Number of protein chains: 2
Amino acid sequence: MDVMKEISEGAKKVDAALLKYLEVGKYEKLRKAIRHYPEAGGKRLRPLMAMTVAEAVGMKGDDAIPFGCCLEIVHNFTLVHDDVMDEDQMRRGRPTVHVLYDVPTAIIAGDALFAVAFKVLATTPVDGERLRRLLESVSDTIYLVAEGQQMDIDFESRTDVTVEEYMEMVEKKTAVLFACAAEGGAIIGGGTEDQIRDMYEYARLSGIGFQIWDDVLGLIASEKVLGKPVGSDIRNGKRTLIAVHALETLGTKGRKQHAEELKAFGNPKATDAEVKKVIQLFESTGSIKHAKDIALDYAFKSKKKLDCLPESKEKQFLAALVDFSVGREH
Amino acid sequence: MDVMKEISEGAKKVDAALLKYLEVGKYEKLRKAIRHYPEAGGKRLRPLMAMTVAEAVGMKGDDAIPFGCCLEIVHNFTLVHDDVMDEDQMRRGRPTVHVLYDVPTAIIAGDALFAVAFKVLATTPVDGERLRRLLESVSDTIYLVAEGQQMDIDFESRTDVTVEEYMEMVEKKTAVLFACAAEGGAIIGGGTEDQIRDMYEYARLSGIGFQIWDDVLGLIASEKVLGKPVGSDIRNGKRTLIAVHALETLGTKGRKQHAEELKAFGNPKATDAEVKKVIQLFESTGSIKHAKDIALDYAFKSKKKLDCLPESKEKQFLAALVDFSVGREH
């Protein structure tokens, strides 16, 4: 199965609906600001997941387009606000919203996207009680995403983050939105309660695996694959699972012993050679292998959850999507 | 009717439910941040309006508590983000959220409040299709509030704001959330389509009147009544209806002629005497009287919309609420 081709065909379908949903409001400046990221494209994995799951449990995948677009808009709202908080200048090759306009406009644009997301949710073609369930799920999920983002920010100023805390942060910041997408797809598609629960787990587990694998790639892949410099997580001192595991494994004694190499961790001006030494240190503690193993284990467990689905092209695609997200080294 | 007593009794009822809704999440720091403003109290006028309207059209007002709390939480989320944008230091006698924590935490806390608002909405005791209608109304409303906030911010750097633009901004930033409250109360209370539409208009009209009257009070009331220094709108150069009307009436020629007095408009360091001269100028252009007349006219038209309701204590209270908001000079 050509996963990239499936993704890009699905994305085209989503884009048409998505950009139509974002033709809102009378005030042009705000409308332009909210369309800035969505117009720049993207894989649209969350809508795609919702649509594929809806189809896999037996309904038309198109019924899940509004719900999927709701989550894509939520995803974009978090990006707009995250970029303000992280003071990032570029996203998808374009200036970030607060750079193109200003911080107040970016905060408002994020809020406006949030509002549009729920407006789109209301158009989901399901009965009112299932809509209530989707509303509960989406709002619960966004609260968890906010918690994950708050943890991520708070971790930056801490050196004692545990592996357990890291796993909770990743689950909340990344995985639950995918889980909500797959769960919602199963609800919209009229899946059984078992399928609804298993689809949530499928996407939660692969979402965690995906984020951990992404951190691994950030250290072992080439700049071309990453679209950003290798080791930028090292220079930013990012608390990835690898870093957290390495610092924990080294302990106070080990961290003192390797203080010289570790100076490059969190030093934006560290040279390539210095970064490489940190990567070697993280290899010596077994932290890269540890992260790979954990990510692959999540991917394996995620795919097991697909057992609840009847055989179909969609089921195969959901499995292929996990392998596409976790396990690639180039 | 003792309006203040009715308000404070209603607020007590709302507070108990509201603070319970805000016992969410596992991450204590975020939970404390989202509770910071709601815990500081407030008149809870939006929930009160929803509950009173629900009762006035014939149902238990308590059925509208979740919906009313949803809007109160939305209101608080806008305050948290507005304070970040305006760089305000204090609110309700306490440090603002971004001062107590930091800007990223305040942005996230606002987003988290937004999420909780929709979580609470989902608990509204109405059938699913009416819930869908409420969801549409609330999300449409928040988009309008975002537009109003964006206009307000953009006006700060403009001298050519028209009365028409000002009226649109006030309607969006302030009035539509009240309108949504009254409309939702009528929907939840099982009101007729005519009642639902008229209740929306009742609150939209009085909301506009209230904001204009508030700007009048900012110039003519005492510091004790205002809870802030008299003329702070003058020192901040705020584009109130009064200022917009005065600048428009003066025209280019008049503005040149009164350039000396107008220096105090938008000058945070202007003396009391200088501020007084600006107020006198705004009086001489008839702008204060103009704003009063407009506000009272909105209040009058608002109360006319109550004709659709049967006689009741609640109907009287809704009328008294308008007179309480528009027309007081002390």
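Predicted model, so just to flag it, every value in this text is computed and none were measured.

Attention now goes to the overall build of chain A. Looking only at helices and strands, chain A has 16 helices and two strands in total. With the C-alpha coordinates aligned to their principal axes, the bounding extent of chain A is approximately 65 × 50 × 35 Å. In chain A, buried positions account for 58% of the 330 residues. For chain A, the share of sequence-separated contacts (at least 6 apart) that also reach a separation of at least 24 residues comes to 73%. Summed over its atoms, the accessible surface of chain A is roughly 13,700 Å², and 51% of this surface lies on carbon and sulfur atoms.

Next up on the list: the pattern of salt bridges. Residues and elements named next belong to chain B. All chains considered together, the criterion is met by 62 salt bridges over all chains. For Arg 133, the salt bridge goes to Glu 193, with nearest N and O atoms at 2.9 Å. With Arg 133 in helix α7 (residues 128-156) and Glu 193 in helix α9 (residues 193-220), this pair connects stretches of sequence that are 60 residues apart. A residue is classified by how much of its surface remains accessible, and Arg 133, at 30% relative accessible area, is partly exposed. Of the charged contacts, one joins Asp 215 and Lys 238 as a salt bridge, the two residues approaching to 3.8 Å between their closest N and O atoms. Taken as a pair, Asp 215 in helix α9 and Lys 238 in the loop between α11 (232-235) and α12 (241-257) lie far apart in primary sequence, 23 residues in all. Accessibility expressed as a relative area gives 2% for Asp 215, which makes it buried.

What follows deals with the interface of chain A and chain B. Every contact between the two is made by 48 residues of chain A and, on the other side, 48 residues of chain B. Counting the surface lost from both chain A and chain B, the interface buries some 4,100 Å², and carbon and sulfur atoms represent 65% of this. Broken down residue by residue, the surface that chain A buries against chain B is led by A:Tyr27, A:Tyr143 and A:Gln150, which jointly contribute 17%. Between the two partners, chain A and chain B, sit six salt bridges. Summed over the shared surface of chain A and chain B, the result is 24 residue pairs in polar contact (both at pLDDT 80 or more). Listed by contribution, the elements that provide at least two residues to the side of chain A that touches chain B are α2 (28-35), α4 (65-86), α6 (103-121), α7 (128-155) and α8 (163-188) of chain A. Residue contributions to the side of chain A that touches chain B peak at 17 residues, all from α7(A). When the residues that make up the side of chain A that touches chain B are grouped by side-chain class, the tally is 25 nonpolar, nine polar and 14 charged.

Cut-offs and rules
- Residues numbered from 1 in each chain as written.
- Chains lettered and ligands numbered in written order.
- Predicted model: local features only at pLDDT ≥ 70, side-chain atom pairs only at ≥ 80, totals over all residues.
- Heavy atoms only, no water.
- Helix = DSSP H or I, 4+ residues; strand = E, 2+ residues; numbered from the N terminus.
- Buried < 20%, exposed > 50% of the residue type's maximum accessible area, 1.4 Å probe, protein only.
- Contact = heavy atoms within 4.5 Å.
- Areas by Shrake-Rupley, 256 points an atom, 1.4 Å probe, with all protein chains shown as cover.
- Salt bridge = Lys/Arg side-chain N within 4 Å of Asp/Glu carboxyl O.
- Buried area = accessible area lost by both parts, 1.4 Å probe.
- Polar contact = N/O pair within 3.5 Å; in protein donor to acceptor, adjacent residues only side chain to side chain.
- Nonpolar A, V, L, I, M, F, W, Y, C, P; charged D, E, K, R; others polar.

These values are about where atoms sit, not about what they do.
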